[in-house]
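Report on the structure
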Amino acid sequence: MFRFDAGQKRLVPETAYGTRFTDGSTRARALVADSRGDLWVAPQHGGDTQTWVETTLGRARRDGSWEPLPIPDLTRIGDIHGLRIETDRAGREILWAVG
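A brief look at the structure comes next. Owing to the predicted nature of the structure, the values given are computational and were not obtained by experimental measurement.

Some thoughts on the packing of aromatic side chains
By convention here, two paired aromatic rings are described through the distance between centres and the angle between planes. Applying the stated criterion across every chain yields a total of 1 aromatic pair. Ring geometry for F21 versus W66: centroids 5.9 Å apart, planes at 55°, classification tilted. Note that F21 is positioned in the loop between β2 (10-13) and β3 (26-33) and W66 in strand β6 (residues 66-68), a separation of 45 residues in sequence. Geometry around W66 places R20 over its ring, the cationic atom sitting 4.4 Å from the centre.

The following block contains the structure:
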């Protein structure tokens, strides 16, 4: 995971969401930011061609912690290619996983 550093005029590793996304061990297959500034991520081991089953979907918080989202039989939708957030009329966020 990288962010653009305007001072350096280049992409630099974004360490706020945890080292697992900056050290090459885990890639973000799909991600979306929520209203808190946290990221919902469908992770993938670096070098793998399949989604990482252990934590297939979760929230990377700005403090570097990881909160897995337990979804029964998530493999039924196949690989996750996108994540979207929708806000309902009550202001609650709904996470959509696109497979």
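Section: the side chain of D38
On the secondary structure map, D38 appears in the loop between β3 and β4 (39-45). In this structure, D38 is in contact with Y17, V32, A33, R59, A60, R61 and R62, ignoring residues within four places of it in sequence.

Structural notes on the pattern of salt bridges
Within the structure shown, the criterion is met by 7 salt bridges. The shortest N-O distance in the salt bridge between E67 and R61 comes to 2.3 Å. Each of D34, D38, R59, R61 and E67 takes part in one network of salt bridges that share partners.

Brief notes about unusual backbone geometry
Although it is not a glycine, K9 sits at a positive phi angle of roughly 55°. Its place among the elements puts K9 in the loop between β1 (2-5) and β2.

As for the nonpolar core
Formed by A30, V32, W40, A42, L57, L74, I80 and L83, the largest nonpolar core amounts to 8 residues. Of all the elements in the fold, those that place two or more residues in this core are β3 and β4. Contact partners of V32, with chain neighbours within four places excluded, come to D38, L39, W40, L83, R84, I85 and L95. Core analysis: the next-biggest nonpolar cluster, separate from the first, contains 7 residues, A16, Y17, F21 and A60 among them.

So, how was this worked out
- Residues numbered from 1 in each chain as written.
- Predicted model: local features only at pLDDT ≥ 70, side-chain atom pairs only at ≥ 80, totals over all residues.
- Heavy atoms only, no water.
- Phe/Tyr/Trp six-rings, centres within 6.5 Å; stacked < 30°, edge-to-face > 60°.
- Helix = DSSP H or I, 4+ residues; strand = E, 2+ residues; numbered from the N terminus.
- Lys NZ or Arg CZ within 6 Å of the ring centre and 35° of its normal.
- Contact = heavy atoms within 4.5 Å.
- Salt bridge = Lys/Arg side-chain N within 4 Å of Asp/Glu carboxyl O.
- Core = buried A, V, L, I, M, F, W, Y, C linked by side-chain atoms within 4.5 Å.
- Buried < 20%, exposed > 50% of the residue type's maximum accessible area, 1.4 Å probe, protein only.

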